[in-house]
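# Structural overview
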Amino acid sequence: MSILGIFQKRTSSAVARDRLQLILAHERAESGRPDLVIQLREEILAVIANHVAVEPDKVKVTLERGAGVSTLGLDIELPLGASAKLDAKLANKLAEVAKQSTKKAA
Amino acid sequence: MAKVLVVTSGKGGVGKTTTTAALGAALAQGGQSVCVVDFDVGLRNLDLVMGAERRVVYDLINVVNGDAKLPQALIKDKRLEGLHLLPASQTRDKDALTDEGVARVMDELRAKFDWVVCDSPAGIERGAQLAMHHADVAIVVTNPEVSSVRDSDRIIGLLDSKTAKAERGEEMEKHLILTRYDPTRADRGDMLKTEDVLEILSIPLLAIIPESQEVLRASNVGCPVTLNNPLCAPARAYADAAKRLRGEDVPMVLPTERKSFLDKLFMRRAA
C-alpha cells in the first residue's frame, strides 16, 4: 500500500475477498451439521419451557457469523403471567416451609 | 395484497440475482414493503448480493417444512426500511420444496408485503418452474447474446404454459430487462440491438441496463446497485424499471454515466 493508500477507501474487491473468506469458512465448518441452529433452538427452548410457558412464535433467533466466532441470539418473549406463576410457585414453597417449621415448633 | 414478480432467464449468469436485488431495493426506496425470495436452493447467492450472508438463520425450506415461522426466517435489511430477504437453503436440494408448502408460503408473503420478488434459479427444470408458478408478473432477463435470447424464448414458453396463471387460462404479464447493453458495440454492429431482441422475443421492454463496472462493485460489497450508488447508470435504469412496474409512465432512455468536469479533464482515470 502506498502512502496515498492510507487516504483511499478500501477497494470493493478487497471487501469482496474478505466477505467470501469469512462466509466460506463458516459454510465449510457447518457442512457436517446444517441443522445445528434448529437443534440448539429446540433444546434451549425445551429447558426454558420446563419453567415458563413460552409461545414458539414469540421466539426470535438471530445469528451473526463473525471472524472467529458466531453469536447465536435467542430473544424470548415471556408472557406477563409467566413470572407471576414462578412467584406463586415460590410463595407456595415458602408457605410450605413455613408450615413445616411451625409444626416442628409446636 | 402483494404483486408477485418472478425474475427469470433460462440461462445462468445474465443478471437475475443482480436484477432481483436492484429492483427489490428500488421498490423499497419508493416506500413500498418488499420481500426478495431466493429460489435457488442449494446455490443461494441473493444473500451475498444483499450483504446478509452472515445473518442467515432459517431459509425457505425451513419455512416450507414448518421448522420456522415465516417472520422468524425473514431478514430485515439494515440499510433500507421495508426491504426483507427470504434466503434459500444452501445445504438441501430443491426436492425438499413441496408444491403445497411453496403455495402456503407464497400466500403468507402475499398477505404481508406490497411486492414479492422471486429470484429464479437458472435452467428450465423444477426449481425454475416452482419460482415462476405463483407469479403475477414475469421479468425476463436477457443479455444481447444469441444463447441468452434463445433460452429466454424457452422460458417465455414455460411462463405461458406451466404457471398457475396459465393453468387458469389467464395471460401472464411479461416484461423484458436487457442487461449488459453496450450502445457503442450495438451501433458498430458487434452486438444485438435492443430492437432485434424485442422483435425476436416480442414481449414489452421494461428497462435497458447498460454494461457498467458499478454492478460488480455493488455485489463486491453486498449492496443492491440501486442503493450502493443510486446515481450510476445501471441504478437509474433499475429505478426507472421499478417506477414503470408501479404504473408510472417513464420515458425509455438509455442512462449513461454522468461524467463530472474533473472526470472529463482526467479521462485516463475513468477506466
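These remarks concern the structure in this document. (Residues numbered from 1 in each chain as written. Chains lettered and ligands numbered in written order. Predicted model: local features only at pLDDT ≥ 70, side-chain atom pairs only at ≥ 80, totals over all residues. Heavy atoms only, no water.)

This part is about the overall build of chain B. On a plain count of helices and strands, chain B comes out with 14 helices and eight strands. A globule of 271 residues ought to have a C-alpha radius of gyration of about 18 Å, and chain B, at 18 Å, matches this closely. Taking the principal axes of its C-alpha atoms as reference, chain B extends roughly 60 × 40 × 35 Å. Across the 271 residues in chain B, those meeting the buried criterion constitute 54%. Sequence-distant contacts in chain B: of pairs separated by 6 or more residues, those separated by 24 or more amount to 74%. Here chain B displays about 12000 Å² of accessible surface, and carbon together with sulfur accounts for 49% of that area. The averaged location of the 39 negative side-chain charges in chain B is 5 Å from the averaged location of its 36 positive side-chain charges. (Helix = DSSP H or I, 4+ residues; strand = E, 2+ residues; numbered from the N terminus. Rg over C-alpha atoms; globule rule 2.2 N^0.38 Å. Buried < 20%, exposed > 50% of the residue type's maximum accessible area, 1.4 Å probe, protein only. Contact = heavy atoms within 4.5 Å. Areas by Shrake-Rupley, 256 points an atom, 1.4 Å probe, with all protein chains shown as cover. Lys, Arg positive; Asp, Glu negative; His and termini not counted. Charge placed at Lys NZ, Arg CZ, Asp CG, Glu CD.)

Before going further, it helps to examine helix α11 (residues 213-221) of chain B. Every buried residue of α11(B) is listed here: E214(B), A218(B) and N220(B). For α11(B), the angular spread of buried residues about the axis comes to 155°, placing them on one side. Lining the buried residues of α11(B) we find α1 (12-30) of chain A together with α12 (225-228) and α13 (233-245) of chain B. Immediately beyond the C-terminal end of α11(B), within one or two residues, lies G222(B), with a positive phi of roughly 75°. (Arc of directions from axis to C-beta.)

All names here are of chain B. Although it is not a glycine, R180 sits at a positive phi angle of roughly 55°. Tracing the sequence through the fold places R180 in strand β7 (residues 173-181). For R180, a relative accessible area of 43% gives the class partly exposed. Phi angles above zero are rare outside glycine, and S202 is one such case at about 40°. Inspection of the secondary structure puts S202 in the loop between α10 (194-201) and β8 (205-210).

On the secondary structure map, Q72(B) appears in helix α4 (residues 70-73). Judged by its relative accessible area of 11%, Q72(B) falls in the buried class. A polar contact of 2.8 Å, which involves the side chain of Q72(B), links it to the backbone oxygen of V59(A). A polar contact of 2.9 Å, which involves the side chain of Q72(B), links it to the backbone nitrogen of K69(B). When near neighbours in sequence (up to four residues on either side) are disregarded, Q72(B) contacts R41(A), P56(A), D57(A), V59(A) and Y58(B). (Polar contact = N/O pair within 3.5 Å; in protein donor to acceptor, adjacent residues only side chain to side chain.)

This next bit is on the pairing of strand β2 (residues 34-38) of chain B. All names here are of chain B. Where burial is concerned, most of β2 is hidden: five out of the five residues are buried. In β2, alternate side chains face the same way, and those of V34, V36 and D38 on one face and C35 and V37 on the other are all buried. Across four bridges, the pairing between β2 and strand β4 (residues 83-86) is parallel. Within the sheet, the bridge partner assigned to V36 lies in β4 and is L85. Two elements, β2 and strand β5 (residues 115-119), share five bridges in a ladder whose sense is parallel. Along β5, the bridge assignment pairs V36 with V117. (Pairing = 2+ DSSP bridges.)

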